[in-house]
Amino acid sequence: MFDSMRDRMGKVIGDLIERDPLTAVILADISTNYFSEAGQKYPDRVINLGIMEQTMVSVGSGFALEGFHPIMHSIAPFVTERPFEQIKDDFCYQGLGGTFISIGASYDYGTDGMTHHGTSDVPILKVLPRMQVCVPGTSYELETLLRQTYNNGAPTYIRTSLQQNEISRPVHFGQLYVEREGRDGVVVAVGPMLERTLAAVAPMDVTVLYATTIAPFDAETLRRAVGNAAPNVILVEPYYEGGLVPDVAQALQATPSRIQTIGVPRQVLDNYGSAKQHDEALGLTATGIRQRISDFLENWRDNGGGNGR
């Protein structure tokens, strides 16, 4: 059984604080218990600013200008939406590096309502120049991606969630992982959506690619997979659906293709409940995903695709 992504985050960042004197951690009153001891030991490098996320990002950029690698952390909407302009201007525009780590995506805080939902974090951040975006599916993958991207000179967003896959994959930053191969299309499953997607397509003859790096997107692996299968591409994402469509369209601009998006619908979610309850209501279960993919492929066959297969 894995530890939680949040627990692993605390352990890895604690290790970085001890090993690297240029690691700085700036908090906005979230997860402070993970860093209380480090804050007492290194008060100049571990700072809790309270509920001031825009200030947190700007202070982080100040650390970066002084040669530090800042790590900024809060709940998903508070570390991406509230300080979006600061991330754009203070990090992307100035060419600085830093790590932004969230908890609570997409609706782990669903009992607190839409103000605490993090369904738009990945779609809005990936449009920023130089921004790197990672969506791990387990705590082990979180550690792998955090260590691989740490201090690489670019602003990097790492999204964590309560939901995890049961088995970690040997993920590498910037690469899609080929989970299985098939002929009728290519399914790209993002982060914690992988294992429910595998359950959904178990009887289908499709390739499954596992995405934990969203930006930069691994266009080459996608093109190679589509070249060996029918040009049906299904995206299964844990945030607002369609976040990867521009990347897929760019990668396959020379290949006529069909794209189906499965994810959180772009609508106001005014119900309260757990992440599991939200997934069930939105059809983001293995059963719901299977139905969407089956309908998509059946429409392709009805219109002459698959040579009658």
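This is a predicted model, so every value here is computed, not measured.

Conventions used here
Residues numbered from 1 in each chain as written. Predicted model: local features only at pLDDT ≥ 70, side-chain atom pairs only at ≥ 80, totals over all residues. Heavy atoms only, no water. Helix = DSSP H or I, 4+ residues; strand = E, 2+ residues; numbered from the N terminus. Rg over C-alpha atoms; globule rule 2.2 N^0.38 Å. Buried < 20%, exposed > 50% of the residue type's maximum accessible area, 1.4 Å probe, protein only. Contact = heavy atoms within 4.5 Å. 1 Å grid on protein atoms, 1.4 Å probe; cavity = no way out; pocket = protein on both sides within 12 Å on 5 of 7 lines; lining within 4 Å. Points joined across faces, edges and corners; volume = space filled by probe spheres on them. Nonpolar A, V, L, I, M, F, W, Y, C, P; charged D, E, K, R; others polar. Salt bridge = Lys/Arg side-chain N within 4 Å of Asp/Glu carboxyl O.

The next point concerns the overall build of the protein. A count of helices and strands for the protein gives 12 helices and 12 strands. Computed over C-alpha atoms, the radius of gyration of the protein comes to 20 Å, within 12% of the 19 Å expected from 2.2 N^0.38 for 309 residues, which places it in the range of a compact globule. Its C-alpha atoms put the protein at 65 × 40 × 35 Å along the principal axes. Classification of the 309 residues of the protein by burial places 57% in the buried group. Across the protein, contacts joining residues at least 24 apart in sequence account for 74% of those joining residues at least 6 apart.

The probe, sized like a water molecule, is rolled over the atoms to show the empty space still left. Here the structure, examined in full by the defined rule, presents one cavity of 30 Å³ or more. In terms of lining, the largest cavity is formed by A105, S106, Y107, R159, S161, Q163, P192, M193, R196, P238 and D279. Tallied by class, residues from the lining of the largest cavity come to five nonpolar, three polar and three charged.

Once that is clear, we can look at the environment of E37. If you trace the backbone, E37 turns up in helix α2 (residues 36-41). Of the residues examined, E37 reaches a relative accessible area of 65% and is grouped as exposed. When the C-alpha atoms of E37 and G14 are compared, they prove to be 9.3 Å apart, with 23 residues separating the residues in sequence.

Following the criterion strictly, the structure yields 19 salt bridges and no others. We note a salt bridge from K41 to E18, for which the minimum N-O separation is 3.3 Å. Here K41, found in helix α2, pairs with E18, found in helix α1 (residues 5-19); they are 23 residues apart in sequence, far enough to count as distant. Judged by relative accessible area, which is 51%, K41 ranks as exposed. Each of D3, R8, K11, D15, R19, E143 and R147 takes part in a single network of salt bridges with overlapping partners.

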